[in-house]
Structures are given as structure tokens and as C-alpha cells.
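Descriptive analysis of the structure
So the chains spell out like this:
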Amino acid sequence: MIAFVGAGPGAPDLITLRGRDRLAAADAVVWASSLVPDALLAHARPGAVVLDSAGMTLEDVLAVYAIHPESAIVRLHSGDPALYGAIGEQIDWCLANGRDFEIVPGVSSLAAGAAVLGRELTVPGVAQSVILTRLPGRTAGSVPAGESLAALAAHGATMGVFLSGARPEELQAQLLAGGGYTPETPAAVVVRATWPDEAVYETTMADLAATVRRSGASRTVLVLVGEALAPGPRAGRSHLYSPDYAHAFRRRSAPGSTAGRPA
Ligand SMILES: C[S@@+](CC[C@H](N)C(=O)[O-])C[C@H]1O[C@@H](n2cnc3c(N)ncnc32)[C@H](O)[C@@H]1O
């Protein structure tokens, strides 16, 4: 069995219990030292083969899988493996080679970023959608036509931009070009969320590029944008917890009353 395990955003206690258990049971662990804390390796059993994928190609990693056909293998991916985790090609290999695999979800840097900011990303009446995207990298063709940052920015939804800290001016220009954000729209630059050297900068779209530059970071940077990030009291509130909104688990009640609460 090959387990693609989400290691979480950085803090070692943000791996799931299932992920920790898979690590403890693994015969071989492949991990990315550039994005995953080495403290997680303490969960691996003594004697497990531990390999750093930092200097490995996909072929190198697949060769490890191939020479351990009967082993329990854990591939540790940062955050949640389903987001920019490059697990698709490994899954294809598993399917083509008759190898069982599972994906163990992880805490994404998106969730960690919202947590360190102390914000909800989906505020009623303000933003009910979150777009996760990136600037094209060196492999520009990997971002499909229609998914340009400017096109997505036209929605004005909350946006989490991964893998784009190295080109802050282009990032800012593309986000503003969409028309969904103004220079006053709140933005945040979250660097190495939950790591000991975590840094968080709250800013606006007008100062986004300068803020990224000021952070000095270009790699483990998550940029969040949208009105949901505005500080201060919320204009809207969730219907779900409103006294005059009944649903399957609670009757309608007068504001302040305890009627309608489950016994
Ligand atoms: C290869 S992607 C992996 C994303 C990961 N699967 C996730 O769910 O967060 C790496 C990018 O994720 C973001 N990232 C990962 N960990 C981060 C952290 N602790 N703080 C801020 N951004 C992070 C950055 O945008 C970085 O360039």
C-alpha cells in the first residue's frame, strides 16, 4: 500500500491522527524536506527507510515504489495532497502497476492561513466562494486557458493564490485587471504559516506587491484576497444560527429565547 499523506502546513501537530498512524506503520517514507517539517519523521518507526524527495525526480520516486512492492510506503506531501501536490501522476503509476494506494487528507496552507489571520473566508453576503489558483510558473501551459488570474479575479470572490510569491508585481497587476477587486480590497500575505518563523502581513490590493517584497519571502507564501478578509464587525451573519431560521435540527425561536434548542 502506498499512502499519500498530507503533512499539514508546517506545525508538526497539524498532521492528522490517521497520517501519524500511517507514518508509524511505514516501511519506507518519502518526504519533501523543503516543505515538510523533519519533526514528523519522529513518528516513523526506527529502521524505516527515509528518503528526501528534494533531489529526486518523479522517476526516482516511482523507482522507490517499484523496488518495495510489498512494503507499506508513505509519501508525505505538504498541506493537503490534493492541492498542487503532484499526486496525479503517482496515482496513474499506481493504477498502471496494480498498486493499492490511499490518500490521507491534510490541513492545507489555505486553512492555516485563514487560521493565523483569524478570519472566515466565506462571510455571508460578502463572499460565499473561494477560488484557489496560482500564477503560471515556468510551465505556463499547465494553467488552462480561461483560468488566468485576471479572469478568475473578475468574480471578486475570496481568493487563495499559491506558488506565486516570486512575481509579486505580476500577481498584483493580474488580480486588479479582473475588475472584481479594487485597490482598497483587503489582502494578506502569509509566509510559512504555522512554522516557527511564520509571518503575516495584512494589506490591500494597492500594496500587495510591495508587501510581498517587504516580506522577503518568495517560496512558501500564500496570498489571500477579498472582502471577507476585512477586519472588524461583520455586516452579515449566517442564517444557520439565526433564531428566525428553522432547519432540520432546530425549530424557529424568538431572538434570545431558548425555545427551539434541542433538549
Ligand atoms: C506545492 S504547493 C503545496 C500546497 C499544499 N498541498 C497545501 O495544501 O497547502 C506549495 C505552495 O503552497 C503554499 N504553502 C504551503 N505551505 C505553506 C505555509 N505553511 N504557509 C504559506 N503558504 C504555504 C505556498 O503558496 C507554496 O508555494
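If you're wondering where the values come from, they're calculated on a predicted model, not measured in any experiment.

Before going further, it helps to spend a moment on the pairing of strand S8 (residues 186–191). Of all six residues in S8, six are buried; the element is thus mostly enclosed. Because side chains alternate across S8, one face comprises the buried residues Pro 186, Ala 188 and Val 190, and the other comprises Ala 187, Val 189 and Val 191, equally buried. In terms of strand pairing, S8 meets strand S9 (residues 199–204) through six bridges, oriented antiparallel. Following the sheet pairing, Ala 188 is matched in S9 by Glu 202. For S8 and strand S10 (residues 221–225), the ladder comprises five bridges, and the chain directions are antiparallel. Following the sheet pairing, Ala 188 is matched in S10 by Leu 224.

Here the focus is the site of the ligand. Close contacts around the ligand come from 18 residues, with Asp 80, Leu 83, Ser 109, Ala 193 and Val 221 the closest. A distance of 3.0 Å separates an oxygen atom of the ligand from a polar side-chain atom of Ser 108. A distance of 2.9 Å separates an oxygen atom of the ligand from a polar atom in the backbone of Arg 219. When atom positions are compared with the pocket grids, the ligand is found to occupy the largest pocket. Looking at which domains feed residues into the shell around the ligand, each of domain 1 (2–104) and domain 2 (109–229) gives three or more.

Two quantities define a packed helix pair, namely the angle between the helix axes and the distance between the axes. The N-to-C vectors of helix H6 (residues 168–177) and helix H7 (residues 208–215) enclose an angle of 155°; their axes lie 8 Å apart at closest approach. Taken together, H6 and H7 sit at an angle that is classed as roughly antiparallel. Here H6 and H7 pass one another in a crossing that is right-handed. Across the interface between the two elements, Pro 168, Glu 169, Leu 171, Gln 172 and Leu 175 from H6 touch Leu 208, Ala 209, Val 212 and Arg 213 from H7. A per-class count over the contact of H6 with H7 returns six nonpolar, one polar and two charged.

Moving on to the pattern of salt bridges. According to the stated counting rule, one finds seven salt bridges in the structure shown. Note that Arg 45 is salt-bridged to Asp 27, the shortest N-O span being 3.0 Å. Separated by 18 residues along the polypeptide, Arg 45 in the loop between strand S2 (28–31) and strand S3 (49–52) and Asp 27 in the loop between helix H1 (17–25) and S2 bring together distant segments of the chain. Under the relative-accessibility criterion, Arg 45 is labelled partly exposed at 34%. Classification of Asp 27 as partly exposed rests on a relative accessible area of 27%.

Our next topic: the layout of surface pockets. In this structure, the largest pocket spans a volume of roughly 1200 Å³. Per-class residue counts for the lining of the largest pocket are 18 nonpolar, 16 polar and seven charged. Looking at which domains feed residues into the lining of the largest pocket, each of domain 1 (2–104) and domain 2 (109–229) supplies at least three. Estimates place the volume of the second largest pocket at around 190 Å³. In terms of residue class, the lining of the second largest pocket is made up of no nonpolar, two polar and two charged.

On to the sheet that holds strand S6 (residues 130–134). Strands sit in the order S6-S7-S10-S8-S9 across an open sheet of five strands; the sheet is mixed. Where the open sheet ends on each side, the last strands, each with one partner, are S6 and S9. Mean inter-strand twist for the sheet, computed between neighbouring axes without regard to direction, equals 20°. Of the strands in this sheet, S6, strand S7 (158–162), S8, S9 and S10 touch helix H4 (residues 109–117), which is tilted by about 65° from S10.

Here the structure, examined in full by the defined rule, presents four aromatic pairs. With centroids separated by 6.5 Å and ring planes inclined at 65°, the aromatic side chains of Phe 4 and Tyr 65 adopt a geometry described as edge-to-face. Pair noted here: Phe 4 is in strand S1 (residues 2–6) and Tyr 65 is in helix H2 (residues 58–67), with a separation of 61 residues, a long-range link. Comparing Phe 4 with Tyr 65, the two get one shared label, buried. Ring plane angle 40° and centroid distance 5.0 Å describe the contact between Tyr 84 and Phe 162, whose orientation is recorded as tilted. Of the two residues, Tyr 84 is situated in the loop between strand S4 (73–77) and helix H3 (88–96) and Phe 162 in strand S7; the sequence distance between them amounts to 78 residues. In textbook terms, an aromatic cluster arises when at least three aromatic residues are bridged by ring pairs, as seen for Phe 4, Tyr 65, Trp 93 and Phe 101.

Considered domain by domain, the protein chain is made up of domain 1 (2–104) and domain 2 (109–229). The straight-line distance from the C-alpha centre of domain 1 to that of domain 2 is 28 Å. Taken together, the contacts link ten residues of domain 1 with twelve residues of domain 2. Buried surface at the junction of domain 1 and domain 2, both sides included, amounts to about 840 Å², of which 69% is carbon and sulfur. When residues of domain 1 are sorted by the area they lose upon contact with domain 2, Pro 9, Leu 83 and Tyr 84 head the list and together hold 58% of the total. The tally of links from domain 1 across to domain 2 stands at zero salt bridges. At the boundary of domain 1 with domain 2, the tally comes to four residue pairs in polar contact (both at pLDDT 80 or more). A breakdown of the residues in the side of domain 1 that touches domain 2 according to their chemical character gives eight nonpolar, two polar and no charged.

Cut-offs applied
- Residues numbered from 1 in each chain as written.
- Predicted model: local features only at pLDDT ≥ 70, side-chain atom pairs only at ≥ 80, totals over all residues.
- Heavy atoms only, no water.
- Buried < 20%, exposed > 50% of the residue type's maximum accessible area, 1.4 Å probe, protein only.
- Helix = DSSP H or I, 4+ residues; strand = E, 2+ residues; numbered from the N terminus.
- Pairing = 2+ DSSP bridges.
- Near = heavy atom within 4 Å.
- Polar contact = N/O pair within 3.5 Å; in protein donor to acceptor, adjacent residues only side chain to side chain.
- 1 Å grid on protein atoms, 1.4 Å probe; cavity = no way out; pocket = protein on both sides within 12 Å on 5 of 7 lines; lining within 4 Å.
- Sits in = over half its atoms within 2 Å of the grid points.
- Domains from an automatic or database assignment.
- Axes fitted to C-alpha atoms, helices over the stretch in contact; angles between N-to-C directions.
- Parallel < 35°, antiparallel > 145°, perpendicular 65-115°, else oblique.
- Left-handed = near helix turned anticlockwise from the far one by under 90°.
- Contact = heavy atoms within 4.5 Å.
- Nonpolar A, V, L, I, M, F, W, Y, C, P; charged D, E, K, R; others polar.
- Salt bridge = Lys/Arg side-chain N within 4 Å of Asp/Glu carboxyl O.
- Points joined across faces, edges and corners; volume = space filled by probe spheres on them.
- Phe/Tyr/Trp six-rings, centres within 6.5 Å; stacked < 30°, edge-to-face > 60°.
- Buried area = accessible area lost by both parts, 1.4 Å probe.

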